[in-house]
Amino acid sequence: MRPLRRLAGQTAIYGLSTILVRMLNYLLAPLHTNVFSNQADYGVISELYAYVTFLNVIFMYGMETAFFRFASRNRDQEWIPADKVFGSAQSSLLVTTFLLTSVLLMLSGRIAEWLSYPGHANYVIFFALIIASDTLVNIPFAKLRLENRPWKYFGIKLTNICINISLNFFFLWPALQHNYDMFEKFGFVYQPEYGVAYVFIANLVASAVTLLIFLPGMFQLHFDSIVWRKLMRYGLPLIIIGLAGMVNETLDRVLLKYWGSGTLEENLQQVGIYSAVYKISIFMTLAVQGFRMGAEPFFFSQATEKNAPATYAQVMKYFVLICCFIFLGVGMFPDVFKIIIGPEYRSGLHIVPILLMANLFLGIYYNQGVWYKLTDKTAFATIIPIAGALITLTLNIILIPRIGYTGSAWATLCCYGSMVLLSHFIGQRYYHVPYNLRKILFYLAAAFGLCMLGLWIYNHLDNTLLAIALRILLFGVFFLAGWWLDIRAIIKRAKN
C-alpha cells in the first residue's frame, strides 16, 4: 500500500492544483454565459480554444513525456544527468516556439479570415502568445513534478489561476452590471465591441506572469545533442497520438460550426450550448486530469519494481470506483449542477451523463497507457487514438446534421469506449496487467443503471423533495456496494 499511498498523496496535491485550474471554468462559466447571453459569442470562445489544443500538441511535439521518460530512467541503463535532459528539452522548445509563434503572428490577419473572423487578427495574436508562454513553462512544470515538489507546482498554478479569474471579473463585470464605466477610476471602460477578446487578454496576462516566474532558470541550459536526439525519437510519434487525441476531445466544436444544419450564427449557438454543458461534465475531467498529473511520474518510478503490474491493476480498480461515484453524484442531479451555466444554455443538460461516462472511459484509457510508455512502443500505440479519431469524425459527420450537439456527445462516448477496448487487447500482449475486469465492469454497469433510474425519477416524479431523497438513496446503494467490495479493505490496509 505504500506506493499507492504515495500516489494518492501526489495526486491529491497535483489534483488540487488541477481542480483549481479547472475550477476557473466553473467560476467563469456563470460569468461568461450571463455576459454573453448570445450563445454564438460563447461559441467563438469555445471554438478558438479548441484550435489551441491542437497547436499545443504541435508546439510541444511530445517533449514533456519524453522528458519524464529519460529523466526517470534510461533505456540503455546509462546515467544521464538530469540537467542535460532538462536543458536539451528546453533548448529545443525555445527554438521551435520562437519559429512557430513568428509564423502565427505574421499570418494572423489571414488566419482570422480563414476562421470567418475578419478584422479580428487580435484573436490570433493573443492566442499565439498564450500558446508560446504555456509551451515554455511545460518542461519547468514537469521538472517540479519529477522532483516531487508539488507545493511549489501548486503555488505557481494558483498564481496563474488568481490572475486569470481576477482579470476576467474585472473586464466583464461592468457588462454583467450594465454599467460600462464602473471601473473608470482604474482607467478601464468596457467596450462592447471588444467582447470575447477580454477573455483572451486575461488568459494572456496570466500566462505571461507564469513565464516570468520561471524565467530566471529557463536559460541555464546544458544542451546535449545525443540526449536531444533520444528525446526527439521518443517524442515525435507522440505528436500523432496527441493530435488524434485532440480530434477526439475538441474537434466536435469545429465540426458543429461547419457541419451543422443551420446558419453560421445558429451553428455557433450550438457550439456555445454544447461547450457550456460540457463544463458540468468537467467534474469527471478534474478527477481524470488530477490522477494523470500524479500517475505519470508514479508509473515510471514503479516500472522497475517486481510487483508493478499488480500495483497498476489496483490503481485502475480504485480509479474506476472513485470515478463511478463522481458519475452518479453529478449525473443524477442535473437540477443542482445546472446553476453552473446561464439559463440560455440549459437546454443541453440531457447530454451531461453521456459526457460524464465518456470522460470516465478517457480516464481508463489514460490509465491503460502505461503499457506503451513503459515498453517504448509509442509509435505502435498511435493506432489507438487514430482509430478513435476516425470514429469521432465519422459519427460527428453522420450525427451532427441530424441531432446536433447530442450527436457530438454520443460520438465522444463511442470514441473513448472503443479506445479502451483497443488499448486493453493490444496492451495485454506487450505488457500484461492483471486488471480485475469483473469488479471494474460491475462498478461501471451498476453506476450506469442507477444513474438512469435516478434520472427517470427526476423526470417523472413531481414531488421535488421525494425525488431528491430517492436519488440520494440510490447513491447510498452504490456506496454500500463499494464499501462491501473494496472501500473497507482500502481503509484497513491504510491503517496498517
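Before reading further, recall that the structure is shown in the block above.
A brief structural summary. Here the residue numbering is sequential within each chain, running from 1 through the sequence in written order. Thresholds applied to this predicted model are a pLDDT of at least 70 for local features of residues and 80 or more for the giving and counting of side-chain atom pairs; totals over whole chains, interfaces and linings are not thresholded and use all residues. Calculated side-chain values reflect all of the structure's heavy atoms, with hydrogen atoms and water omitted.

For the purposes of this entry, the term helix denotes a DSSP run of H or I that reaches at least four residues, the term strand denotes a run of E that reaches at least two, and both are numbered from the N terminus. Scanning the protein chain from terminus to terminus reveals 20 helices and 0 strands. The globule rule is 2.2 Å times the number of residues to the power 0.38, and the radius of gyration it is compared with is taken over C-alpha atoms. Expected size for 496 residues packed as a compact globule is a radius of gyration near 23 Å; at 23 Å, the protein chain falls within 12% of this value. Expressed along its principal axes, the backbone C-alpha trace of the protein chain runs to roughly 65 × 60 × 45 Å. Throughout this description, buried means an accessible area under 20% of the type-specific maximum (1.4 Å probe, protein chains only), exposed means over 50%, and partly exposed covers the range between. When burial is assessed residue by residue, the protein chain has 55% of its 496 residues classed as buried. Contacts are assigned to residue pairs that have any heavy atoms within 4.5 Å of one another. Long-range contacts, defined here as pairs at least 24 residues apart, represent 84% of the contacts in the protein chain between residues at least 6 apart. Put simply, the protein chain shows about 21700 Å² of open surface, and 66% of that area lies on carbon and sulfur atoms. Using the Shrake-Rupley algorithm and a 1.4 Å probe, accessible areas are obtained, with residue cover drawn only from the displayed protein chains.

This brings us to the packing of aromatic side chains. Planes of paired rings set the category: under 30 degrees apart is stacked, over 60 is edge-to-face and the rest tilted, where pairs are Phe, Tyr or Trp rings (Trp by its six-membered ring) whose centres lie within 6.5 Å. Taken as a whole and judged by the stated rule, the model has 35 aromatic pairs. With a centroid separation of 6.2 Å and an interplanar angle of 70 degrees, the aromatic rings of Y49 and F200 are classed as edge-to-face. With Y49 in helix α2 (residues 39-60) and F200 in helix α8 (residues 197-218), this pair connects stretches of sequence that are 151 residues apart. Using a relative accessible area of 27% as the deciding quantity, one classes Y49 as partly exposed. Residue F200 is classed as buried on the basis of its relative accessible area, which comes to 0%. Here a set of aromatic residues connected by ring pairs shows up, and it is made of F170, F171, Y180, F183, F186, F188, Y190, Y194 and Y198. When the ring centre of F86 is taken as reference, the NZ or CZ atom of K143 above it lies at 5.1 Å. By definition here, charges over rings are those cases where NZ of Lys or CZ of Arg is within 6 Å of the ring centre and within 35 degrees of the ring normal.

Before going further, it helps to examine the side chain of K257. Relative to the assigned elements, K257 resides in helix α10 (residues 237-259). Pairs of N or O atoms are called polar contacts if they sit within 3.5 Å, as long as, within protein, a hydrogen donor faces a hydrogen acceptor (for residues adjacent in sequence, only side-chain-to-side-chain pairs). Only 3.0 Å separates the side chain of K257 from the side chain of E47, close enough to count as a polar contact. A distance of 3.1 Å separates polar atoms of two side chains, one belonging to K257 and the other to Y258. Each residue touching K257, except ones within four places of it in the same chain, is listed here: E47, L115, S116, Y117, L264, N267, L268 and V271.

Okay, helix α13 (residues 308-331) next. Expected span of a helix, by definition, is 1.5 Å for each gap between consecutive residues, and there is one gap fewer than residues. Taking 1.5 Å as the rise per residue, α13 with 24 residues should run 34 Å; its terminal C-alpha atoms sit 34 Å apart, in good agreement. Most of α13 is tucked away: 19 of the 24 residues are buried.

Bringing unusual backbone geometry into the picture now. Unlike most non-glycine residues, S116 shows phi in positive territory, near 65 degrees. Here S116 lies in the loop between α5 (108-114) and α6 (121-146). For S116, a relative accessible area of 34% gives the class partly exposed. The phi torsion at H178 lies on the positive side, around 55 degrees, for a residue other than glycine. Relative to the helices and strands, H178 resides in the loop between α7 (150-176) and α8.

Time to look at a nonpolar patch on the surface. On the surface, a cluster of nonpolar side chains totalling about 380 Å² of accessible area is made up of L461, L466, L470, L473 and V477. Along the chain, V477 falls in helix α20 (residues 464-495). Two joining distances apply to patches: 9 Å for like charges and 5 Å for nonpolar side chains (Val, Leu, Ile, Met, Phe, Trp, Tyr), and every residue must have over 30% relative accessible area and no salt bridge. Put simply, a salt bridge is a Lys or Arg side-chain nitrogen that is within 4 Å of an Asp or Glu carboxyl oxygen.

Among the secondary structure elements, R253 is positioned in helix α10. On the accessibility criterion, R253 (12% relative accessible area) is buried. Once you skip the residues sitting within four places of it in the chain, R253 turns out to touch S46, A50, V271, Y274, S275 and Y278.

In total, this model carries 9 salt bridges according to the counting rule given. Where D335 meets R471, a salt bridge forms, and the shortest distance between an N and an O atom there is 3.0 Å. A residue pair is termed long-range when its members are at least 10 positions apart, and D335 in helix α14 (residues 334-337) and R471 in helix α20 qualify at 136 residues. The partner of D486 in a salt bridge is K439, and the shortest N-O contact between them spans 3.2 Å. Here D486, found in helix α20, pairs with K439, found in helix α19 (residues 437-460); they are 47 residues apart in sequence, far enough to count as distant.

Here H424 is to be found in helix α18 (residues 405-430). On the basis of relative accessibility, which here comes to 15%, the residue H424 falls in the buried class. For the pair H424 and R471, spaced 47 residues apart in the sequence, the C-alpha separation amounts to 33 Å.

Disulfide assignment relies on a single distance test, namely cysteine sulfur atoms paired within 2.5 Å. In total, this model carries 0 disulfides according to the counting rule given. Here C324 stays free of any disulfide, with the sulfur of C323 as its closest cysteine sulfur at 7.3 Å. Of all cysteine sulfurs, the one in C324 lies closest to C451, which takes part in no disulfide; the gap is 11 Å.

Fitted lines through C-alpha atoms give the axes, limited to the stretch in contact for helices. The angle between two N-to-C directions lies from 0 to 180 degrees. Running from amino to carboxyl end, α10 crosses α18 at an angle of 155 degrees, the nearest separation of the two axes being 10 Å. The angle between α10 and α18 places the two elements in the roughly antiparallel class. For the pair α10 and α18, the crossing hand works out as right-handed. Each of N248, E249, D252 and L256 in α10 lies in contact with α18, whose residues at this interface are Y405, S408, T412, C415, Y416 and M419. Each angle is binned into one of four classes, with values under 35 degrees roughly parallel, values over 145 roughly antiparallel, values of 65 to 115 roughly perpendicular, and all other values oblique. Here is the rule for handedness: rotate from the far helix to the near one, and if that takes an anticlockwise turn smaller than a right angle the crossing is left-handed, while a clockwise turn gives right-handed.

This part is about the packing of α2 against α10. Contact geometry of α2 with α10 gives a least axis separation of 9 Å together with a crossing angle of 165 degrees. Classified by the interaxial angle, the pair formed by α2 and α10 is roughly antiparallel. Note that α2 runs across α10; the crossing there is left-handed. Note on element contacts: α10 touches α2 through I239, G242, L243, M246, V247, T250, L251, R253, V254, K257 and Y258, opposite S46, E47, A50, Y51, T53, F54, V57 and I58. Note on residue classes: Ala, Val, Leu, Ile, Met, Phe, Trp, Tyr, Cys and Pro are nonpolar, Asp, Glu, Lys and Arg are charged, and everything else, Gly too, is polar. Here the contact of α2 with α10 is built from residues that sort into 12 nonpolar, 4 polar and 3 charged.

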